[in-house]
Structure formats: C-alpha cells, structure tokens
Amino acid sequence: MNDEQPAGFWSYTHRDDQLDDGRIVRLSERIASAFEMITGEPLEIFLDKRSIEWGDAWRARLDSALTGTTFLIPVITPKFLKSQECRREVIKFAGHAASLGLEELLLPIHYVNVPQLTQETDGQPADEVVELISRRQWVDWRELRLEDEDPPYIVKQSTSWL
C-alpha cells in the first residue's frame, strides 16, 4: 500500500456478500470512487478478493495489509461477528491503531441489524469485538442497504427538433 495516500482495509464475510448479490464489495468500490471524486485523490481499499494473489501466503498478506492501512472498515452483520477471521482482523487492527494512539481509525458500517450493538450489557462482560465496535461512531446502513443501488435518473425526451 502507498504510504502517502489514505488506504483502507475492507473487512466482511464472503457469504454475506454472496447473500446480498455482491453489494458489499460494490459498496467498497463506490466509497473509493466517491472519495476520489470529492478529493481528486485515489483511495486504495484492500479487498481480499482482489488484493491477494494465487499462491500468496494469505494470512501474512492480510496481517501486512492490516498494519499498513490508514483505517479499517468492518461491515458488521451477525455472520461477521461469528467469523473468527473477521474478529481477528478487528482485534489486530484495533491493537495496532491503539499502539499508535489512533483508535478513531476503526470505521464500522452497521450493515444489518446486530442486536448486540444496540443492547445494554447489564453489567455482563461484553464480547471484545462488539465492545470495540460499539465504542465507535458507525455508519448505519441497515435501511440504506435496501435502497436501489442505482440512483434514478430523469430522462428528458425532446422533440423540439421536429
């Protein structure tokens, strides 16, 4: 990853992406495109499907990307919280960011309803990953994900040339 430009790590489960017809991966592409349009600078997002080559030592590649990115964007779903790899990514990134004094660089997207994020724990020990995520401001995508991906365009027909 280029140290001079912002770089993100997209953390999600492949199964969630499959169940939502590829929308989670497309969301990462749209965020990168919007960032470039607004800033004029590209935003590199590490996406395992595109960033790990055949034959790569995938765990080492993931760990290197996690410690070399500017921010982590976990796409939070019930499957995400059940995934040991996704949980490991959040914990590893949060630990690295905290060691640099940059805890605010964990940028969760609450993609579908995950009750653990909105319920009080009543003094019970909280799940470590839920605790890390719930302490941060997240983007609420629970209703937005149901919207049509392509914005409606008004097509104006003109017959003034007749």
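Residues numbered from 1 in each chain as written. Predicted model: local features only at pLDDT ≥ 70, side-chain atom pairs only at ≥ 80, totals over all residues. Heavy atoms only, no water.

Novice: Mind showing me how you'd approach the pairing of strand E3 (residues 71–76) here?
Specialist: In summary, the side chains of a regular strand alternate between the two faces of the sheet. Taken across its six residues, E3 has six buried, putting it largely inside the fold. Here E3 shows no split at all, with Phe71, Ile73 and Val75 on one side and Leu72, Pro74 and Ile76 on the other all buried. Across four bridges, the pairing between strand E1 (residues 7–11) and E3 is parallel. Following the sheet pairing, Trp10 is matched in E3 by Ile73. Strand direction decides the pairing type here: E3 and strand E4 (residues 109–110), joined by two bridges, are parallel. Bridge pairing links Ile76 to His110 in E4. (Buried < 20%, exposed > 50% of the residue type's maximum accessible area, 1.4 Å probe, protein only. Helix = DSSP H or I, 4+ residues; strand = E, 2+ residues; numbered from the N terminus. Pairing = 2+ DSSP bridges.)

Novice: Whenever I open this one, the side chain of Asp16 confuses me. Can you help?
Specialist: Within the secondary structure layout, Asp16 lies in helix H1 (residues 14–19). Buried charged residue Asp16 carries no salt bridge. Nearest counter-charge: Lys79, at 5.7 Å. Sequence-distant contacts of Asp16, that is, excluding residues within four places in its chain, are made with Ile24, Thr77, Lys79 and Phe80. (Lys, Arg positive; Asp, Glu negative; His and termini not counted. Salt bridge = Lys/Arg side-chain N within 4 Å of Asp/Glu carboxyl O. Contact = heavy atoms within 4.5 Å.)

Novice: Help me understand the packing of aromatic side chains, please; the structure alone is not making it clear to me.
Specialist: Working definition: an aromatic ring pair is given by the centre-to-centre distance plus the angle between the planes. In this structure the tally under the stated criterion is one aromatic pair. Seen from their ring centres, Phe9 and Phe46 are 4.9 Å apart, and the 15° between their planes marks the pair as stacked. Of this pair, Phe9 sits in strand E1 while Phe46 sits in strand E2 (residues 44–46), placing them 37 residues apart in sequence. Phe46 shares its class with Phe9; the two are buried. (Phe/Tyr/Trp six-rings, centres within 6.5 Å; stacked < 30°, edge-to-face > 60°.)

Novice: Explain the sheet that holds strand E5 (residues 139–140) to me, please; I cannot follow it from the model alone.
Specialist: Strand-to-strand pairing in sheets goes through backbone hydrogen bonds, with the strands running parallel or antiparallel. Pairing is parallel across the open sheet formed by five strands, whose spatial order is E2-E1-E3-E4-E5. This sheet does not close on itself; its edge strands, each paired only once, are E2 and E5. Running at roughly 165° to E1, helix H2 (residues 23–39) makes contact with E1, E2, E3 and E4 of the sheet. Of the strands in this sheet, E1 and E3 touch helix H6 (residues 84–99), which is tilted by about 150° from E3. (Axes fitted to C-alpha atoms, helices over the stretch in contact; angles between N-to-C directions.)

Novice: Please clarify how the pairing of E1 should be interpreted in this entry.
Specialist: With five of its five residues buried, E1 lies for the most part within the structure. Residue alternation in E1 divides its side chains into two sets, Ala7, Phe9 and Ser11 and Gly8 and Trp10, and both sets are buried.

Novice: What's the story with H6 in this structure? I'm lost.
Specialist: Residues separated by three or four positions in an α-helix point in the same direction, a consequence of the helix having 3.6 residues per turn. The end-to-end C-alpha distance of H6, which contains 16 residues, comes to 22 Å, matching closely the 22 Å that a straight helix rising 1.5 Å per residue would cover. Those residues of H6 not exposed but buried are Glu85, Cys86, Arg87, Glu89, Val90, Phe93, Ala94 and Ala97. (Expected span 1.5 Å × (residues − 1).)

Novice: Is there a simple way to think about the confidence of the model for the chain in this case?
Specialist: Low pLDDT means the predicted coordinates in that region are not meant to be read closely. When pLDDT is averaged along the chain, the result is 77, and 70% of the positions lie at 70 or above. The spread of mean pLDDT over the elements of the chain runs between helix H3 (residues 48–51), the lowest at 60, and helix H5 (residues 78–82), the highest at 94. For the stretch residues 158–162, pLDDT sits under 50, and the model shows zero contacts to residues farther than four places along the chain or on other chains. (pLDDT = per-residue confidence, 0-100.)

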